[in-house]
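# Examining the three-dimensional arrangement
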Amino acid sequence: MVNIIWVALFVIGIVFAMFNGTMDQVNKAVFDGAKEAVAICIGLISVLVFWLGLMKVAEKGGILRGLSRIMGPVVRKLFPDVPKEHPAMGYILSNMSANLFGLGNAATPMGIKAMEELKRLNDGKDEASRSMITLLAINTASITLIPTTVISLRLNYGSVSPTEIVGTTIVATACSTAGAILIDRYFHFRRMQKKRG
Amino acid sequence: MQWITYLSLWIIPLLIAFILVVATIKKVPTYETFVEGAKEGVSMAFSVIPYLVGMLVAISVFRESGAMDFFIDLLRPALAAVGIPADIVPLAMIRPLSGTGALGMTSDLIATHGPDSFIGRLASTMQGSTDTTFYVLTVYFGAVGIKKMGDALKVGLLADVIGILAAITVVTLVFG
């Protein structure tokens, strides 16, 4: 699936450029795209280093365990494959809480850490497990209570009420998260049926 | 609504203070533990590079060749027929592909139509309510070396469709 989409993006783009006379831009896009990707990763270093360090302190201090004890029951239903006291649970919960408060910078390191633990649970295989797909689905739908970036953007453009979109955003994000979970479940059961024959 | 601005300003510093104070009470060697955990961050960021370079080059070739605009124009009448405003279609299409692209487009829409117009509110809601699926997928799986993504991409993109439709419906009901 990913392989096909990846090749399709290139081939459609390049064939299009042949007829559209945009070969110049395509050449530029190859180098600019690569440069942008590396710049993003370099930017990620600072965020990852700080939050992974702090998360380690939180883990050793028992805060992650406390968090999974309080919020665990609900989230455990979403991740039935993850054992109750497994460290993955704490990271999944901190990832979801960070997303909830619009702390995108903090959410990414915690999500990656959760993925790492889930990979360990999956015997270190290089394929996505059921729990990994669920975590990813929740993150792409990004449950948010406070969309901080958008609020500051609206403020900059002189909105009378920059926060008036908070309500609509919460409803929209709740719909997409619920949708993501349902679709994820549907695909999981389809996989199970295929496996059975 | 002033409290939301305060909350977003206070929450990270308070979280840091909370973690450090609790860990100190629990007799954790905080600084050493921090450094130990932080070390992983460097290698993690570097392991994302190949995945993100591969994905972003493909997306920017697709976008810069004009292919993306072509497909957007192709879909525009069909989407307009179901009540999706034409101005918002490019944003809806680019949102799952490119975070910076979508943010740029949202600013552009807010700048031209005004933040308190219907389009401005819709763009704001859309920008806030879903994340860049391709980016999340690439970074999360890339950092831990997952190569076979399974159904993850399909699930993510379908959820985006739901999010976009939900944003349009809700904004129309509330502000329309």
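Residues numbered from 1 in each chain as written. Chains lettered and ligands numbered in written order. Predicted model: local features only at pLDDT ≥ 70, side-chain atom pairs only at ≥ 80, totals over all residues. Heavy atoms only, no water.

### As for the layout of surface pockets
Spelled out, the test is: Using a grid of 1 Å spacing that covers the protein atoms alone, one calls a set of points a cavity when a 1.4 Å probe fits there but cannot get out, and a pocket when the set is open and has protein on both sides within 12 Å along at least five of seven lines; lining residues are those with an atom within 4 Å of a point. Grid points are joined across faces, edges and corners, and a volume is the space filled by probe spheres set on the points. The helix and strand labels rest on DSSP assignments: H or I over at least four residues marks a helix, E over at least two residues marks a strand, and numbering proceeds from the N terminus. In this count, Pro and Cys sit with the nonpolar residues alongside Ala, Val, Leu, Ile, Met, Phe, Trp and Tyr, while Asp, Glu, Lys and Arg are called charged and the others, Gly among them, polar.
In this structure, the second largest pocket encloses a volume near 550 Å³. Lining of the second largest pocket is provided by 21 residues; of these, Ala-92, Met-93, Pro-96, Leu-97 and Leu-157 of chain B occupy positions nearest its centre. Elements that contribute at least two residues to the lining of the second largest pocket include exactly α1 (2-20) of chain A together with α3 (67-81), α4 (89-94) and α8 (152-175) of chain B. Considering each element in turn, the lining of the second largest pocket owes the most residues, five residues, to α8 of chain B. The residue makeup of the lining of the second largest pocket, split by class, is 20 nonpolar, no polar and one charged.

### Details of the packing of helix α6 (residues 118-129) of chain B against α8 of chain B
Residue and element names in this part refer to chain B. We count it as follows: Throughout, an axis means a line fitted to C-alpha atoms (over the contacting stretch in the case of helices), and angles, computed between N-to-C directions, take values from 0 to 180 degrees. Roughly parallel means an angle under 35 degrees; roughly antiparallel, over 145; roughly perpendicular, 65 to 115; everything else is oblique. By convention the crossing between two helices is left-handed if the near helix lies anticlockwise of the far one by an angle smaller than a right angle, and right-handed if it lies clockwise. Any pair of residues with heavy atoms lying within 4.5 Å of one another is described as a contacting pair.
At a minimum axis separation of 9 Å, α6 and α8 run at an interaxial angle of 140°. The angle between α6 and α8 places the two elements in the oblique class. Between α6 and α8 the crossing geometry is right-handed. Between α6, through Phe-118, Arg-121, Leu-122, Thr-125, Met-126 and Ser-129, and α8, the contact on the second element is made entirely by Gly-163, Ile-164, Ala-167, Ile-168, Val-171, Thr-172 and Phe-175. By residue class, the composition of the contact of α6 with α8 is eight nonpolar, four polar and one charged.

### A look at a nonpolar patch on the surface
Residues and elements named next belong to chain A. The line we're drawing: For patch detection, residues must exceed 30% relative accessible area and be free of salt bridges, and they are connected within 9 Å for like charges or within 5 Å for nonpolar side chains (Val, Leu, Ile, Met, Phe, Trp, Tyr). Residue-level accessible areas treat just the shown protein chains as cover; the underlying method is Shrake-Rupley with a 1.4 Å probe. The rule for a salt bridge is simple: a side-chain nitrogen of Lys or Arg has to be within 4 Å of a carboxyl oxygen of Asp or Glu. Categorising residues by exposure relies on relative accessible area from a 1.4 Å probe, with only protein chains included: less than 20% of the type maximum marks a residue as buried, more than 50% marks it as exposed, and the intermediate range marks it as partly exposed.
A cluster of nonpolar side chains, namely Trp-6, Val-7, Val-11, Ile-14, Val-15, Met-18, Phe-19 and Met-23, defines an oily patch on the protein surface of about 760 Å² accessible area. Mapped onto the elements, Met-23 comes out in helix α2 (residues 23-60). A relative accessible area of 35% means that Met-23 is categorised as partly exposed.

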